[in-house]
Amino acid sequence: MFYSKVLETTLIFSIFVLSVYPLSGLTGLFSLGQGAFIAIGAYTAAIGTLQYKLPPAISIMLAICIGIIGGVIVGVPTLKLRRDYFLLITFGFSEMVRALLLWMAQLTGGAMGIAGIPYAAGLPLIAISAIVIFFFIANINKSAFRRNCIAIRDDELATQAIGINVYWHKIKVFILSASISAYGGALYAFNMMFIEPNLFDWLESAKLIIIIFVGGMNSLLGVFLMSVIYYTFGEVFRFASVWRDLILGVLVIVVLIFRPQGLFGTIKTVFPTIRFPFLQKN
Amino acid sequence: MELLKLESVSKSFGGVQAVHEVSLIQNKDEITAIIGPNGAGKTTVFNLISGIYQQDAGKIFFRGMDISELAPHRRCALGISRTFQNIRLFNNMTVLENVKVSYANHLTYNFFDEVFRTGKVKKEERELEERAFEYLKLLYLDVYASSYPGNLPYGIQRRLELARALLPEPNLLLLDEPAAGLNPSEIRELMEMILNLQHTKKLSIIIVEHHMELVMNICSRIHVLDFGKKIAEGTPKEVIENEKVLQAYLGDLGEVC
């Protein structure tokens with residue numbers, strides 16, 4: 001029972017990590033507002049089921065739609081800005097959503113949160129979701145989508161010059177990310193049966209980015225493995241309380257010093273051994 | 001036939017007039033050069049043509065169409081490709097991916113095809129891979145296909161940038177100092193390659209370059225800029241004999257004597 005609960009939590013958080021992967025891992029955009037999209041998804045699902053008596057499946061779809069709308073509202077005006085401003089604005093957005101959740105108490109329960117959400121997301125649904133999302137992202141990771149993302153991360157100017165609409169591609173990535181986050185949030189609500197505004201603050205968003213960095217930015221499998229390891233470890237060693245975060249902190253520092261490409265990063269340093277035929281002629 | 005036309009284009013940065021009322025015409029199937037002393041505004045002209053900067057005044061026409069207001073990616077889609085003076089490759093991608101990425105405009109699959117990895121994606125990606133290899137072979141880069149550009153010698157990085165610019169099949173190619181940092185034998189190879197490309201791909205090429213041997217040997221016409229103004233235009237021979245050009249490069253000879 002305990003282990004199945006650990007697995008459920010781990011997989012839900014892995015969905016969050018997967019949602020951030022195209023945005024922070026591939027495109028190099030750091031959003032501290034991802035927690036807000038998770039909260040939007042969770043609250044939409046909870047309110048839809050409890051107050052409007054919608055079936056959980058419909059609530060989940062509604063959560064994704066609201067997540068996408070949120071992504072458009074935040075993404076369209078901010079993604080033309082420089083990355084550092086984007087980070088600050090998403091941070092502001094995260095705090096704004098939290099304040100709204102506290103303030104709209106008759107709808108959201110304020111600081112008390114929402115309790116008594118029906119249990120609709122068990123291990124099978126969560127596991128299938130995580131696997132399907134993993135494969136979807138693995139698929140887009142094999143085509144132009146990935147190439148455009150990495151190009152934008154490496155050099156925006158050159159990316160424009162080779163004919164890619166940088167702004168539009170960033171919007172696509174951000175909306176994809178927001179919708180998966182919202183979906184994960186809805187699963188979270190239906191699994192934990194209780195949500196409150198402080199569960200998804202900017203620190204949670206930052207943690208998702210850190211996991212991507214430690215796992216290896218370019219490697220989807222590496223990121224997924226890292227998130228599974230981190231959250232399983234986190235749940236199993238819950239008794240260690242503060243020491244958990246201390247160990248994570250040390251791990252982050254060690255990894256960034258000795259393996260800057262991430263624990264499971266894919267960057268290889270291959271020096272070609274074959275001579276260049278063009279120079280040999282001379 | 002006229003391919004590109006600049007009509008008294010100007011651009012200033014703060015108080016510095018980087019480009020002042022420059023007009024030029026580029027025909028189909030010709031190689032021309034823009035030369036001038038350092039800071040003459042050559043690269044700025046390239047940035048204006050490729051849309052990285054927006055001009056303050058004047059108009060730019062490409063294939064008879066006014067492109068003055070278009071974003072860089074739209075201009076690339078119309079057929080303007082460029083390389084950069086300071087190499088700008090994508091260091092987190094392999095050489096092969098660096099080339100593939102520039103074909104984005106020609107791919108017809110959409111996001112949902114990508115998510116479900118439909119047959120369309122597989123087919124187009126396979127074709128793209130073949131195409132990319134073709135271009136890598138053309139520029140003798142195929143042996144490096146799976147290495148990362150950051151680890152490669154300078155000359156090879158330059159050629160990779162060229163391959164990336166060529167893959168989308170441009171009509172107009174802008175080369176910003178392609179010979180910078182190359183040794184004499186590499187420069188000779190580069191000249192052959194440019195002529196060869198121009199011939200086989202029916203390209204129109206504009207080169208910004210300081211290396212005079214290259215410019216004099218392969219360009220049919222030369223535009224000379226000095227302090228953002230165009231001071232001369234003509235065949236290499238005419239330009240060499242032009243007094244204003246000599247003055248721009250060597251200073252006022254009267255003062256020296």
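Residues numbered from 1 in each chain as written. Chains lettered and ligands numbered in written order. Predicted model: local features only at pLDDT ≥ 70, side-chain atom pairs only at ≥ 80, totals over all residues.

Trainee: Would you explain the overall build of chain A in this entry?
Mentor: Check the secondary structure of chain A and you find 13 helices and 2 strands. With respect to the three principal axes, the spread of C-alpha positions in chain A is 80 × 40 × 30 Å. Counting all 282 residues of chain A, 50% fall into the buried class. Here the contacts in chain A between residues at least 6 apart in sequence split such that 82% fall between residues at least 24 apart. (Helix = DSSP H or I, 4+ residues; strand = E, 2+ residues; numbered from the N terminus. Buried ≥ 20, exposed ≤ 12 C-beta atoms within 10 Å, placed from the backbone. Contact = placed C-beta atoms within 7 Å.)

Trainee: Looking at this model, I keep getting lost on the nonpolar core. Mind explaining?
Mentor: Across soluble globular proteins, nonpolar side chains have a tendency to be buried as a group. By size, the foremost hydrophobic cluster in this structure holds 151 residues, and its most contacted members are Val17(A), Ala42(A), Ala186(A), Ile212(A) and Ala163(B). Here this core gets 14 residues from one element, more than from any other, and that element is helix H9 (residues 166-192) of chain A. Shared between two domains, this core holds at least three residues of each, these being domain 1 (1-26 + 57-63) and domain 2 (82-171) of chain B. Apart from the residues lying within four places of it in its own chain, the contact partners of Ala186(A) are Gly41(A), Ala42(A), Thr44(A), Ala45(A), Ser59(A), Ile60(A) and Ala63(A). (Core = buried A, V, L, I, M, F, W, Y, C linked by C-beta atoms within 7 Å. Domains from an automatic or database assignment.)

Trainee: Got a minute to help me understand the packing of helix H7 (residues 144-154) of chain A against H9(A) in this structure?
Mentor: Relative placement of two packed helices is described by the angle separating their axes and the distance separating the axes. Residues and elements named next belong to chain A. Packing of H7 against H9 leaves a shortest axis separation of 11 Å and a crossing angle of 115°. On the basis of their axis angle, the class for H7 and H9 is roughly perpendicular. In this structure, the crossing between H7 and H9 has a hand that is left-handed. Of the residues in H9, those in contact with Asn148, Cys149 and Ile152 of H7 are Val166, His169, Lys170 and Val173. Of the residues belonging to the contact of H7 with H9, the class tally is 4 nonpolar, 2 polar and 1 charged. (Axes fitted to C-alpha atoms, helices over the stretch in contact; angles between N-to-C directions. Parallel < 35°, antiparallel > 145°, perpendicular 65-115°, else oblique. Left-handed = near helix turned anticlockwise from the far one by under 90°. Nonpolar A, V, L, I, M, F, W, Y, C, P; charged D, E, K, R; others polar.)

Trainee: How should the sheet that holds strand E9 (residues 221-226) of chain B be read in this particular structure?
Mentor: Strands pair in a sheet through their backbones, by hydrogen bonds, and they do so in one of two ways: parallel or antiparallel. All names here are of chain B. Reading across the sheet, the 6 strands line up as E6-E7-E8-E3-E9-E10 and stay open at both edges, with mixed pairing between neighbours. The open sheet has two edge strands, strand E6 (80-82) and strand E10 (229-234), and neither has a second partner. The mean angle between the axes of side-by-side strands here comes to 20°, regardless of whether they run parallel or antiparallel. With 3 bridges joining them, E6 and strand E7 (residues 172-176) adopt parallel strand pairing. Residue pairing in the sheet places Ser81 in a bridge with Leu173 of E7. (Pairing = 2+ DSSP bridges.)

Trainee: What is the right way to read the sheet that holds strand E4 (residues 57-62) of chain B from this model?
Mentor: Residue and element names in this part refer to chain B. As summarised here, the arrangement of the 4 strands in space is E2-E1-E4-E5, forming an open sheet in which the pairing is antiparallel. Only two strands of the sheet have a single partner each, and these edge strands are strand E2 (16-27) and strand E5 (65-66). Strand direction decides the pairing type here: strand E1 (residues 2-13) and E4, joined by 5 bridges, are antiparallel. Residue Lys5 lies in a different strand from E4, and its bridge partner there is Phe61.

Trainee: Help me understand the interface of chain A and chain B in this model?
Mentor: By a widespread convention, an interface's size corresponds to the accessible area lost as its parts come together. With 34 residues of chain A at the interface, the matching set in chain B holds 39 residues. Among the secondary structure elements, those contributing two or more residues to the side of chain A that touches chain B are helix H6 (123-140), H7, helix H8 (156-161) and helix H13 (277-280) of chain A. With 8 residues, H7(A) is the single largest residue contributor to the side of chain A that touches chain B. The class makeup of the residues in the side of chain A that touches chain B is 19 nonpolar, 9 polar and 6 charged.

Trainee: I tried to follow helix H11 (residues 220-236) of chain A on my own but got confused; where do I start?
Mentor: Owing to its 3.6 residues per turn, the α-helix brings residues three or four apart onto one side. In this model, H11(A) (17 residues) spans 24 Å end to end at C-alpha, consistent with the 24 Å of a helix rising 1.5 Å per residue. Regarding H11(A), the residues found buried are Leu220(A), Gly222(A), Val223(A), Phe224(A), Met226(A), Ser227(A), Tyr230(A) and Tyr231(A). (Expected span 1.5 Å × (residues − 1).)

Trainee: Which parts of the structure should I look at to understand the pairing of E4(B)?
Mentor: Note on strand geometry: in a regular strand, side chains alternate between the two faces of the sheet. All names here are of chain B. Two elements, E4 and E5, share 2 bridges in a ladder whose sense is antiparallel. Counted as the bridge partner of Phe61 is Asp66 from E5. The antiparallel hairpin formed by E4 and E5 contains 2 residues in its connecting segment, where Arg63 sits at a positive phi of about 50°.

Trainee: Any chance you could explain the domain arrangement of chain B here in plain terms?
Mentor: Here chain B is described as being made up of domain 1 (1-26 + 57-63) and domain 2 (82-171). For domain 1 of chain B versus domain 2 of chain B, the distance between C-alpha centres works out to 31 Å.

Trainee: It is not clear to me how unusual backbone geometry should be interpreted in this structure. Could you clarify?
Mentor: A negative phi angle characterises most non-glycine residues, just as the trans form characterises most peptide bonds. Residues and elements named next belong to chain B. In this structure, Arg117 takes a positive phi of about 45° despite not being glycine. Mapped onto the secondary structure, Arg117 falls in the loop between helix H4 (111-116) and helix H5 (119-138). For Arg117, a count of 18 C-beta atoms within 10 Å gives the class partly exposed. Positive phi, normally seen in glycine, also occurs at Glu169, with a value near 55°.

Trainee: Would you mind showing me how to read the confidence of the model for chain B here?
Mentor: Interpretation of the predicted coordinates at a detailed level should be avoided for regions scoring low in pLDDT. Looking at chain B, pLDDT values average 89 and 98% of them are 70 or higher. ipTM for the predicted complex: 0.89, alongside a pTM of 0.89. (pLDDT = per-residue confidence, 0-100.)

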